[in-house]
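Residue-level listing of the chains:
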Amino acid sequence: MAKISRRAALRQSSLALLSAAPFATWAQSNAPIKLALIESMSGPFANTGEAVYRNIAWAVERVNGRGGVATATGQRQLTLERFDNKGQVEESLSVLRAAIDSGARVILQGNSSPVAAALIDAVNKHNQRDADRQVLFLNYSAGDPTFTNEACSYWHFRFDAHSDMRIGALMHVIKDDAALKRIYLIGQDYSFGHAVLREAKRQLAQQRPDVAVVGEELHPIGRVKDFLPYATKIKASGAQAVLTGNWGNDLTLLVKAARDVGFEGRFYTFYGNALGAPAAIGDAGLGKVVAVADWLPNVPTPESAAFYKSFRERFPKPQDDYVHMRMQLLVEALAQAIGRAKSVEPRAVAAQLERADVTLAGQRGQMRAEDHQFQQSLVVGVMERQGSPGVPFDVEGSGYGFRVVRQINAAQAALPTSCKMVRPG
């Protein structure tokens, strides 16, 4: 299993990463409650897995710092263990079994919708055949809309806005961009990438029928090393903007290539606010790179600023600057649910997690019991130079940050669901 260079510092903290007990002992005593993080800790998307690990570890430290969670057997701490899936579905299923055998009752994953789909199916089957070792699956990023629609599961909870919700947030800005007449759609060739392009076309036709889609492209995920051919086509199409759900190196390399070929249009992105993208674009992105998120560091409230500063104090290296409010709210919601259930039994915790209502640094989120889709506000930001109005904080030491241009409340961000939830008897 891959280790990050900060592992020693995390281990030294008395608030995090306590050692796990065997399953039977853990379940019947005051031993730490194990959370199993299944992510890419090696390979082309290792940086995304490391970023998640820091976020979840920090959230665990905060909960443990106030005494942990209350159960019928007393206060219990949380502990986080990571499992490297190498970005592969089969490896994810293998480490899921290892995580369960090690005593984990809570599985965390998000940086791949195909992996999430496989885990949802595997958890459903495991919980049906092994009632004594049931687990919950908490998803912080996998944005395929089906997971809280036709493929919804009682054991799965999503804490990120799914791709249709994010497209809807971006449309609030695109609708106001009167100069935009030609747009290029590009994404990763897997379920999430397909969903982004499909919904983008639908919402553009509905809300901006005057905008022509001048290109539509899907590329292999995590395998393209040179995006210059794609960037050349984007520029040649006459597009004034690009809309993409790309993440990780697939986003960074794309925007670098676009800069290199002289593309001057806007980028409407899901994840353009970090992991190297702002630095890669540089001055050419000022006023042009748009990102949607559940939260951004420059949300203009004192509570938000204090929250961001505390994360940067905990992880001061510029390359570690990738904080997600939703991952903090996920751990807060889990702690709240365990406390209300006074139990670590997954069915009892799930019943309380369905009614989770948590607030941190002014950001409130509520779980919708109908489909287990977290409901929260979203924000859209545009890249500007640090120190310009509305941009006190930059990203990853790049000198560029994101000025909030639109805040969409939870009611506006919500979408209906087709979920027909099947609950255990």
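Remember, predicted model here, so these are calculated numbers, not experimental data.

Let us now look at the nonpolar core. Residues L80, I107, L108, L138, F159, L243 and Y268 are the most contacted members of the largest nonpolar core, which totals 140 residues. No other element matches helix α12 (residues 325–341), which puts ten residues into this core. Discounting chain neighbours no more than four positions away, the residues touching L138 are V106, I107, L108, Q109, F157, F159, L330, L334 and L353.

Before going further, it helps to examine the side chain of T252. Positionally, T252 belongs in helix α9 (residues 249–260). Not counting residues up to four positions away in its chain, the partners in contact with T252 are L275, G276, A277 and A280.

What follows deals with the pattern of salt bridges. Tallied over the entire structure, the rule returns 26 salt bridges. Here R62 and E332 are joined by a salt bridge, their closest N and O atoms 2.9 Å apart. Here R62, found in helix α3 (residues 46–65), pairs with E332, found in helix α12; they are 270 residues apart in sequence, far enough to count as distant. Judged by its relative accessible area of 23%, R62 is partly exposed. For the salt bridge of D101 with R133, the shortest nitrogen-to-oxygen distance reads 3.1 Å. In this pair, D101 is assigned in helix α4 (residues 89–101) and R133 in the loop between α5 (113–129) and β6 (136–139), connecting sequence segments 32 residues apart. Among the residues examined, D101 registers a relative accessible area of 51% and is labelled exposed. Look at the salt bridges and you will find they share partners, linking D160, R166, D294 and R326 into a network.

With respect to the helices and strands, the residue F45 is situated in the loop between β1 (33–39) and α3. In this structure the C-alpha to C-alpha distance between F45 and K225, which are 180 residues apart in sequence, comes to 13 Å. Those residues in contact with F45 that lie beyond four places of it in its chain are S40, Q188, I221, G222, W247, G248, N249 and D250.

Now for helix α7 (residues 191–207). With 17 residues, α7 should reach 24 Å at 1.5 Å per residue; the first-to-last C-alpha distance of 24 Å fits that figure. Of all the residues in α7, the buried ones are F192, G193, A195, V196, L197, E199, A200, Q203 and L204. The secondary structure elements touched by the buried residues of α7 are α5, α6 (163–174), β8 (182–188), β9 (212–219) and β10 (241–244).

Further remarks concern the packing of α3 against α12. The contact between α3 and α12 brings their axes to 9 Å, and the two run at 40°. Between α3 and α12, the crossing angle belongs to the class labelled oblique. The chirality of how α3 crosses α12 is right-handed. Here α3 contributes V52, N55, I56, W58, A59, V60, R62 and V63 to the contact with α12, which in turn contributes M327, Q328, V331, E332 and A335.

The next subject is the state of the cysteines. Under the defined criterion, the tally for this structure stands at one disulfide. Here C152 engages in a disulfide with C419; their sulfurs sit 2.1 Å apart. Its torsion about the S-S bond being 80°, the disulfide of C152 and C419 is classed as right-handed. Here C419 lies in the segment after α14 (410–413) and C152 lies in the loop between β6 and β7 (156–158), a separation of 267 residues in the sequence.

Here the focus is the confidence of the model for the protein chain. In the predicted model, the protein chain carries a mean pLDDT of 92, and 93% of its residues have values of at least 70. pLDDT under 50 marks residues 1–26. Its contacts with residues more than four places away, or in other chains, come to 58 contacts.

Sheet strands pair via backbone hydrogen bonds, and the direction of the pair is either parallel or antiparallel. Taking strand neighbours across the sheet as the criterion, the seven strands line up as β9-β8-β10-β11-β12-β16-β17 in an open arrangement whose pairing is mixed. Across the chains shown, the open sheet's two edge strands, defined by having one partner strand only, are β9 and β17 (400–408). For this sheet the average axis-to-axis angle between neighbouring strands, irrespective of direction, equals 20°. Relative to β10, β8 runs parallel, the two being bridged by four bridges. In the strand pairing of β10, I186 is matched with T244.

Criteria and thresholds
Per-chain numbering applies: the sequence of each chain, read as written, is numbered from 1 onward. Residue-level local features of this predicted model are given only where pLDDT is at least 70; pairs of side-chain atoms are given and counted only at 80 or more, and the full residue set underlies all totals for whole chains, interfaces and linings. Only heavy atoms go into the side-chain values, all of them from the structure, while hydrogens and water stay out. Throughout, nonpolar core names a set of buried Ala, Val, Leu, Ile, Met, Phe, Trp, Tyr and Cys residues whose side chains join them through atoms within 4.5 Å. Buried means the residue's accessible area, taken with a 1.4 Å probe over protein chains only, is under 20% of the maximum for its type, while exposed means over 50%, and partly exposed covers the values in between. Helix and strand labels come from DSSP, where a helix needs a run of H or I of at least four residues and a strand needs a run of E of at least two; each type is numbered from the N terminus. Contacts were defined at the residue level, with two residues in contact if any of their heavy atoms lie within 4.5 Å. The salt bridge definition used is simple: a Lys or Arg side-chain nitrogen within 4 Å of an Asp or Glu carboxyl oxygen. How far a helix is expected to stretch is found by multiplying one less than its residue total by 1.5 Å. Only the stretch in contact is used when a helix axis is fitted, and all axes are lines through C-alpha atoms; the angle between N-to-C directions ranges over 0 to 180 degrees. Between 65 and 115 degrees an angle is taken as roughly perpendicular, under 35 as roughly parallel, over 145 as roughly antiparallel, and anywhere else as oblique. Take the far helix as your reference; a near helix turned counterclockwise from it by less than a right angle gives a left-handed crossing, and one turned clockwise gives a right-handed crossing. Disulfide assignment relies on a single distance test, namely cysteine sulfur atoms paired within 2.5 Å. Residue-level confidence of the predictor is what pLDDT reports, using numbers from 0 through 100. DSSP calls a pair of strands paired once it identifies at least 2 bridges connecting them.

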